[in-house]
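This is what each chain is made of:
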Protein chains: 2
Amino acid sequence: MMQYRLGVLGGMGPQATNTFYQFVIDRTDAQTDQEHVNALILSDSEMPDRTSAILSGGEAREGVYRRLLADARLLEGAGCTCIAVPCNTSHFFLDRVQEEIGIPILHMIRETARLLAVQGLKRPGILATDGTIQTGLYQKEFSAAGIEAVVPSTQAQELVMSLIYDDVKAGRDGDPQKFAAIHEDLLAQGCDCGVLACTELSVFADKHHLPPYYTDAMAVLAERAVEACHKPLRHIFIK
Amino acid sequence: MMQYRLGVLGGMGPQATNTFYQFVIDRTDAQTDQEHVNALILSDSEMPDRTSAILSGGEAREGVYRRLLADARLLEGAGCTCIAVPCNTSHFFLDRVQEEIGIPILHMIRETARLLAVQGLKRPGILATDGTIQTGLYQKEFSAAGIEAVVPSTQAQELVMSLIYDDVKAGRDGDPQKFAAIHEDLLAQGCDCGVLACTELSVFADKHHLPPYYTDAMAVLAERAVEACHKPLRHIFIK
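Cut-offs applied
Residues numbered from 1 in each chain as written. Chains lettered and ligands numbered in written order. Predicted model: local features only at pLDDT ≥ 70, side-chain atom pairs only at ≥ 80, totals over all residues. Heavy atoms only, no water. Helix = DSSP H or I, 4+ residues; strand = E, 2+ residues; numbered from the N terminus. Contact = heavy atoms within 4.5 Å. Areas by Shrake-Rupley, 256 points an atom, 1.4 Å probe, with all protein chains shown as cover. Lys, Arg positive; Asp, Glu negative; His and termini not counted. Charge placed at Lys NZ, Arg CZ, Asp CG, Glu CD. Least-squares fit on C-alpha atoms with pLDDT ≥ 70 in both. Salt bridge = Lys/Arg side-chain N within 4 Å of Asp/Glu carboxyl O. Buried < 20%, exposed > 50% of the residue type's maximum accessible area, 1.4 Å probe, protein only. Pairing = 2+ DSSP bridges. Axes fitted to C-alpha atoms, helices over the stretch in contact; angles between N-to-C directions. Expected span 1.5 Å × (residues − 1). Parallel < 35°, antiparallel > 145°, perpendicular 65-115°, else oblique. Left-handed = near helix turned anticlockwise from the far one by under 90°. Nonpolar A, V, L, I, M, F, W, Y, C, P; charged D, E, K, R; others polar. Buried area = accessible area lost by both parts, 1.4 Å probe. Polar contact = N/O pair within 3.5 Å; in protein donor to acceptor, adjacent residues only side chain to side chain. Core = buried A, V, L, I, M, F, W, Y, C linked by side-chain atoms within 4.5 Å.

Before we go on, may I ask you to explain the overall build of chain A in this structure?
For chain A, the count of helices and strands is eleven helices and seven strands. Across its three principal directions, the C-alpha atoms of chain A cover 55 × 45 × 35 Å. Pairs at least 24 residues apart make up 73% of the contacts formed inside chain A by residues separated by at least 6 positions. Total accessible area on chain A is roughly 9000 Å²; 53% of this is exposed by carbon and sulfur atoms. For chain A, the distance from the average site of its 21 positive side-chain charges to the average site of its 31 negative ones is 3 Å.

What am I meant to see in the relation of the copies chain A and chain B here?
Both copies of the chain are tied together by a single rotation about an axis and a shift running along it. Taken as rigid bodies, chain A and chain B are interconverted by a rotation of 180° and an axial shift of 0.0 Å, the fit giving an RMSD of 0.0 Å. Here the two chains are linked by the operation of a two-fold rotation axis. Identified as the residue of chain A closest to the rotation axis by C-alpha distance is Ile41(A), at 2.4 Å. Interface overlap between copies: 100% of the residues of chain A at the interface are likewise at the interface in chain B, consistent with a symmetric, same-surface contact.

Please clarify how the pattern of salt bridges should be interpreted in this entry.
Side chains that differ in charge, positive against negative, can pair when their charged atoms come close. All names here are of chain A. Taken as a whole and judged by the stated rule, the model has 38 salt bridges over all chains. Across the salt bridge formed by Arg66 and Glu59, the nearest N and O atoms sit 2.6 Å from each other. On the basis of relative accessibility, which here comes to 53%, the residue Glu59 falls in the exposed class. Lys169 serves as the salt-bridge partner of Glu200, at 3.3 Å between the closest nitrogen and oxygen. With Glu200 in helix H10 (residues 199-207) and Lys169 in the loop between helix H8 (154-168) and helix H9 (176-188), this pair connects stretches of sequence that are 31 residues apart. Here the two residues Glu200 and Lys169 agree in accessibility, since each one is buried. A network of salt bridges, in which partner residues are shared, links Glu111, Arg114, Glu223, Arg224 and Glu227.

Which parts of the structure should I look at to understand the sheet that holds strand S5 (residues 124-127) of chain B?
Residues and elements named next belong to chain B. Taken in spatial order, the three strands make up an open sheet running S5-S6-S7, and their pairing is parallel. Of all the strands in the sheet, just S5 and strand S7 (214-216) have a single pairing partner and so form its edges. Between one strand axis and the next, the sheet turns by 25° as a mean value, whatever way the strands run. Looking at chain direction, strand S6 (residues 193-196) and S7 are connected through three bridges and run parallel. Residue Leu196 lies in a different strand from S7, and its bridge partner there is Asp216.

Would you mind showing me how to read the sheet that holds strand S5 (residues 124-127) of chain A here?
Sheet strands pair by backbone hydrogen bonding; their relative direction is either parallel or antiparallel. Residue and element names in this part refer to chain A. Spatial ordering of the open sheet is given by S5-S6-S7, a layout of three strands whose pairing is parallel. The strands lining the two open edges of the sheet, one partner per strand, are S5 and strand S7 (214-216). Taking each pair of neighbouring strands and ignoring which way they run, the sheet shows an average axis angle of 25°.

Help me out: how do you make sense of helix H1 (residues 14-26) of chain B in this one?
What sets the pattern is the α-helix's 3.6 residues per turn: residues three or four places apart point alike. Residue and element names in this part refer to chain B. Taking 1.5 Å of rise per residue, 13 residues should cover 18 Å, and H1 covers 18 Å from first to last C-alpha, within 8% of that figure. Of all 13 residues making up H1, twelve are buried, and the element is well covered by its neighbours. Residues of H1 that are buried include every one of Pro14, Gln15, Ala16, Thr17, Asn18, Thr19, Phe20, Tyr21, Gln22, Phe23, Val24 and Ile25, and no others.

Is there a simple way to think about the packing of helix H1 (residues 14-26) of chain A against H10(A) in this case?
Helix-helix packing is characterised by the crossing angle of the two axes and by the distance between the axes. Residue and element names in this part refer to chain A. Axis separation between H1 and H10 bottoms out at 9 Å; the angle between their running directions is 60°. As judged from the angle between their axes, H1 and H10 are oblique. Every pair of crossing elements has a handedness; the one defined by H1 and H10 is left-handed. Of H10, the residues touching H1 (which contributes Gln15, Ala16, Thr19 and Phe23) are Thr199, Glu200, Ser202, Val203 and Asp206. Taken together, the residues that form the contact of H1 with H10 break down as three nonpolar, four polar and two charged.

How should I be thinking about the packing of helix H5 (residues 108-118) of chain B against helix H11 (residues 217-228) of chain B in this particular structure?
Residues and elements named next belong to chain B. Two elements in contact, H5 and H11, have axes separated by 9 Å at closest approach and are oriented at 95°. As far as their axial angle goes, H11 and H5 are roughly perpendicular. Every residue of H11 that contacts H5 at Met108, Glu111, Thr112, Arg114 and Leu115 is listed here: Ala217, Met218, Val220, Leu221 and Arg224. In the contact of H5 with H11, the residues fall into six nonpolar, one polar and three charged.

Is there a simple way to think about the interface of chain A and chain B in this case?
One frequently used descriptor of interface size is the decrease in accessible area upon assembly of the parts. Between chain A and chain B, the contact holds 38 residues from the first and 39 residues from the second. Carbon and sulfur atoms make up 39% of the surface buried where chain A meets chain B, a total of about 3100 Å² over both sides. Among the residues chain A hides against chain B, the three largest losses belong to Asn18(A), Asp33(A) and Glu46(A). Together they make up 20% of the total. If you look at where chain A meets chain B, you find eight salt bridges. With a shortest N-O distance of 2.8 Å, Asp33(B) and Lys169(A) are connected by a salt bridge. Where chain A meets chain B, there are 25 residue pairs in polar contact (both at pLDDT 80 or more). Listing elements by their share of the side of chain A that touches chain B, those giving two or more residues are H1, strand S2 (39-43) and helix H3 (58-77) of chain A. At six residues, H1(A) tops the list of elements feeding residues into the side of chain A that touches chain B.

Would you mind showing me how to read the nonpolar core here?
When a protein is soluble and globular, its nonpolar side chains tend to lie buried together. Counting residues in hydrophobic clusters, the biggest one holds 76 residues, and the most contacted among them are Leu6(A), Phe142(A), Leu6(B) and Phe142(B). For Leu6(B), the residues in contact, after removing those within four places along its chain, are Val24(B), Val37(B), Asn38(B), Ala39(B), Leu40(B), Cys80(B), Cys82(B), Ala84(B), Ala225(B) and Cys229(B). Within the second largest apolar cluster, 48 residues are counted, among which are Leu40(A), Tyr65(A), Val64(B) and Ala78(B).

What is the right way to read unusual backbone geometry from this model?
It is generally the case that most residues other than glycine have a negative phi and that most peptide bonds are trans. Residue and element names in this part refer to chain A. Cis geometry is found at the peptide bond from Met12 to Gly13, where omega equals -5°. Its identity as a non-glycine residue notwithstanding, His230 has a phi of 60°, on the positive side. In this structure, His230 sits in the segment after helix H11 (217-228). Taking relative accessible area as the criterion, His230 reaches 55% and is therefore assigned exposed.

Below you can see the structure in the form of structure tokens.
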């Protein structure tokens, strides 16, 4: 029997990685330990910050690429049959990493674009780090799926970064007032939905009650991970 | 600079492993991703059931030993500097595994005995699987620390097993009525404290409010793991 093992290239941050694995457990229709996904989770917490590496470019950017590739190779060498990376910003590097390894990387952004396209959504607001926004990762992938990715205003984007770095990465639950102001910005821009496009925002959403207006990209990735390991999905309504 | 990486030999069950890593995150005094413990978490969910392997003996028992050893070697080969095993029952095998690898395994049961001894506790009730109880794992280690480990009555032990297997391993929160009856049994036996000696009971405790009468062995292990990776502890009161 083919043995499947999910590789999780994580630690960006550690809390997001652990929430991601919880999402995988929650979405697997299992009654015993043995029916769950077999997983190897690398929480490489010392990975340099992705946003600053992308924005500064040069050697800092190459250093993150090389470390991601080394981590992906570690997972492949340890018998993983696919890889999930619960960090949106690091998707900037993943096509290059994919070329160098022999197991598939599940692509959180493409999978989210595919889901929104099926749902007929056309104008999502993207809540993500400056690194993710400025590289145009979501804009490019969503455009390929016929969807216009809308970015927050400068002021709202500052609140997104504060929620990610000052709140969730620092171990706090996150300030709902900040999120409320961000939500107003998306409505003012005529967005028909919002995408939680940073895994720290998935952690925030896990501790609060967000309206169904939001799609959590990390939850989409968790579903694809369960499927890629050939386990039955436990149906939790996404979006 | 010495790089520390925590190896987690888990998946027994997957939920306990996820809760264990959450305990590690919560107990690390970190403000950024990079200040957290670097960890490699193997959730080897397909590991055969430890209680039935121990109780049936022979090849079933040896099979679990060999799989634990292979997993420990995978973690050592991937750069881990110590190993935590968030499964009490599998501690039956760990002294043998330790002899075959070159990095230390943090011993959840010995560390818990040491903590209770420091606190002057003398007569803990041990809440654990039949496998853990019948092998005398806790009785032996606690006796070496001058502590008398008390086991539940036959009826109460059946409730412990039901809480572990029918409730938590099956993905449920766990029935507080079962726990209340177990608690009465420990009081009737004159125990001065209780030990959560199965990581599924740690998951149960994480979702309910147990009295400070209980010490969670998995929480003790999480503290030792943070220390072994030379990260500052965030002080959460244990016991």
